[in-house]
Amino acid sequence: GILAILGSAESAEDLRKKTITNVKKIRHRGPDWSGVKIVDGCNAIAHERLAIMDPESGEQPLVSTDGNITLAVNGEIYNYKEIAGNLKKPYEFQTGSDCECIIPLYQQKGEKLCNDLRGMYSFVLYDSATKNFIAVRDHMGITPLYLGWASDGSTVFASEMKALKDICVRFEVFPPGHIYSSANGGLRKW
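Because the structure is predicted, anything quoted here is derived from the model rather than measured. (Residues numbered from 1 in each chain as written. Predicted model: local features only at pLDDT ≥ 70, side-chain atom pairs only at ≥ 80, totals over all residues. Heavy atoms only, no water.)

With respect to the packing of aromatic side chains
- Per the counting criterion, the structure on display carries six aromatic pairs.
- Judged by centre distance (6.0 Å) and plane angle (35°), the ring pair of Y121 and F123 falls under tilted. Considered together, Y121 and F123 belong to a single accessibility category, that of buried residues.
- Ring geometry for F133 against Y180: centres 5.9 Å apart, planes inclined by 5°, an arrangement best described as stacked. Of this pair, F133 sits in strand 7 (residues 132-137) while Y180 sits in strand 11 (residues 178-181); the two residues are 47 residues apart in sequence, bridging distant segments of the chain.
- For Y180, a relative accessible area of 12% puts it in the buried group.
- In this arrangement the basic side chain of R170 is found over the ring face of W149, its NZ or CZ atom lying 4.0 Å from the centre. (Phe/Tyr/Trp six-rings, centres within 6.5 Å; stacked < 30°, edge-to-face > 60°. Buried < 20%, exposed > 50% of the residue type's maximum accessible area, 1.4 Å probe, protein only. Helix = DSSP H or I, 4+ residues; strand = E, 2+ residues; numbered from the N terminus. Lys NZ or Arg CZ within 6 Å of the ring centre and 35° of its normal.)

Focus: unusual backbone geometry
- At D40, a residue that is not glycine, the phi angle is positive and equals roughly 55°.
- Along the chain, D40 falls in the loop between strand 2 (33-39) and strand 3 (43-49).
- Phi is positive for K131, which is not a glycine, with a value near 65°.
- Along the polypeptide, K131 turns up in the loop between strand 6 (119-127) and strand 7.

It is worth stressing that arrangement in space is one thing and function is another; only the former is reported here.
Following this line, the structure appears as structure tokens:
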């Protein structure tokens, strides 16, 4: 399960507390690992993990080797080996997780990465180098994702609505086959 609060006006400490409190509401989605990262002081990405692929080292949120990309994924990338084998620039994978392939794919293709992914997934990715984020849901909408907005102007994503209800003043279902881009105008079909 995913919870991401992006662009918060709260202090990093208060943001961490709020994130931990609300991600606990979806802990049943992933009893094997709980991870929270506060990035650039105003962005929180949390993940509740059910360890299917790489139970030893695939904890999330995942972070790129250069530290600029933070990623939380709900789902499975079926063609991860193919993606890893077709990268134009070499990437040193840190885990055996099928989801880590999203990081170098994003680094090489940006928001056009969606067309290369095969699987059932929803994810949130924050790029510290550009201060932008994206959220993506697979074309069938197999994994759940919700989008909300908090009173402080932050954008919030979660795998279940109950993780949003105490944070957001407005929220909606994130539609299948869509991408939300902070850099390119919000929600659009990919």
